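Each chain is listed here by its residues.
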Amino acid sequence: MAGGKNHGRWKPPAQKKPPLTHFLCLPLVTRDSKPQLQASVEKFRNIVITKNEQTASQVDDAGDDESSKSETITSSVHPKAIRPVGALHCTLGVMSLDEKKLEEAKELLRHVDIPHLLQHAGSQNHGQATATDAAASEPLVNSTDSLPNAAPLRIELKGLVSMHAPQKTSILYSAPVDRTERLYPFCLAVQEKFKESDFLVKDDRKLKLHATIVNTIYAKGKKQRPPPKWKMKQQTTTSGQAALASSTEGLAGGRTAASGDKDGDEASPKKPEQGEVEGHGPNANAPLKIDATAILERFKDFVWAEDFALDRIAICEMGAKKITDDKGKVVAEEYTEVAIVKLPT
């Protein structure tokens, strides 16, 4: 009898994960760092982007034939893969919040005692600080005690590293360096506060502070087809989710509207940013890979920005918004910050 072999083996479909709506981060664009980052990213772009327009067109058109099912490896960087300056940040965690939970998360951020956390981070030996210790000793609400002002977190963004094997990667990043060695334990303590209150999506991976410079998940072709049904059924698995995000990123991203477009603002951030998050990290599965060996060697000591103070922690909406000029030309992309707490500068 047809289907007899599967009798008793039916499994209910896995519960769909709620969409990611916000993320907690350290924005890297400040008054002092912005001109440095703009000049550095522009220099990087001029050196590494695809000079051959035919090659770029071939990447854009990927998805029109059977060859799109396999990955593409190139030695050059597609222009769309380079992250805009306004979007540079270090993520501390991602969130899926309704309106009530969002207000609670904003309230928590506003009342974290930043000076105390910074002082505690400075008192830890490098590599021995733990988020649990810092969070446990720090009162939730800003202390009224006369604590001395903590020194600003001044960092340098230098070098370029691959998230995967250099010969076959989709993500290149630069890691922030803090000479006082307070940045990492401080970020762990802030992250722990939001974990304790159950605002962050569970992630067992160790926090990796990094500013993504290149991610090929954004270089999807304009003519890509939706994924086939067999691939849609895999979206409940980790590998299936990554593949689905990679396959649909270009379609969703193409509908992202400029800031101020009500329909675009409401609909655009979710799917592109879901793909962005799943397209990050060691398990990223973007179909376009680059051989970054030569690029990494050339930019291993490249200074993106130096000696600038981080000035805030922010909760941002998923999905960078496009900023346009009077003629409708996109001049920048930025994340909407729904809440911030200032850092000492």
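Attention here is on the structure that accompanies the text. Since we're looking at a predicted model, the values are computed, not measured.

## Quick word on the packing of helix H4 (residues 114-123) against helix H6 (residues 183-196)
- At a minimum axis separation of 8 Å, H4 and H6 run at an interaxial angle of 135°. One finds that H4 runs oblique with respect to H6. Viewed along their axes, H4 and H6 form a crossing whose handedness is right-handed. Note on element contacts: H6 touches H4 through Pro185, Phe186, Ala189 and Val190, opposite Ile114, Leu117, Leu118 and Ala121.

## Digging into the sheet that holds strand S3 (residues 89-95)
- Judged by pairing direction, the sheet is antiparallel, and its four strands sit side by side in the order S3-S1-S9-S12 without closing on themselves. The open sheet has two edge strands, S3 and strand S12 (337-342), and neither has a second partner. Averaged over all pairs of adjacent strands, the angle between their axes in this sheet comes to 20°, without regard to strand direction.
- Bridge count between strand S9 (residues 312-317) and S12: five bridges; the pairing is antiparallel. Bridge pairing links isoleucine 315 to alanine 339 in S12.
- This element, H6, spans strand S1 (22-27), S3 and S9 of the sheet and lies at about 160° to S1.

## Concerning H6
- Taking 1.5 Å per residue as the helical rise, H6 with its 14 residues ought to reach 20 Å, and the 20 Å between its terminal C-alpha atoms agrees with that figure.
- Of all the 14 residues making up H6, 11 are buried; the element is thus mostly covered by neighbouring parts of the structure.
- Within the span of H6, buried status applies to Leu183, Pro185, Phe186, Cys187, Leu188, Ala189, Val190, Gln191, Glu192, Lys193 and Phe194.
- Directly after H6, the chain includes aspartate 198, whose backbone phi takes a positive value near 60°.

## What to know about the nonpolar core
- Among the nonpolar cores identified, the biggest contains 64 residues, and Phe44, Phe186, Phe194 and Ile313 are the most heavily contacted of them.
- Those residues in contact with phenylalanine 194, other than ones at most four positions away along the chain, are Leu24, Ala105, Leu108, Leu109, Phe199, Leu200 and Ile315.
- Judged by nonpolar contacts, the second largest core, of 13 residues, contains Leu20, Phe23, Ala286 and Ala314.

## Some words on the sheet that holds strand S5 (residues 171-177)
- Within the open sheet, the four strands sit side by side as S6-S5-S4-S8. Their pairing is antiparallel. Pairing within the sheet leaves two strands with one partner each, and these edge strands are strand S6 (211-215) and strand S8 (303-309). Across the sheet, the mean angle separating the axes of adjacent strands is 20° when strand polarity is ignored.
- Judged from the four bridges that link them, S5 and S6 form a sheet pairing that is antiparallel. Paired with leucine 172 across the two strands is valine 214, which belongs to S6.

The rules behind the values
- Residues numbered from 1 in each chain as written.
- Predicted model: local features only at pLDDT ≥ 70, side-chain atom pairs only at ≥ 80, totals over all residues.
- Heavy atoms only, no water.
- Axes fitted to C-alpha atoms, helices over the stretch in contact; angles between N-to-C directions.
- Helix = DSSP H or I, 4+ residues; strand = E, 2+ residues; numbered from the N terminus.
- Parallel < 35°, antiparallel > 145°, perpendicular 65-115°, else oblique.
- Left-handed = near helix turned anticlockwise from the far one by under 90°.
- Contact = heavy atoms within 4.5 Å.
- Pairing = 2+ DSSP bridges.
- Expected span 1.5 Å × (residues − 1).
- Buried < 20%, exposed > 50% of the residue type's maximum accessible area, 1.4 Å probe, protein only.
- Core = buried A, V, L, I, M, F, W, Y, C linked by side-chain atoms within 4.5 Å.

Interpretation in functional terms is not warranted from these geometric data alone.
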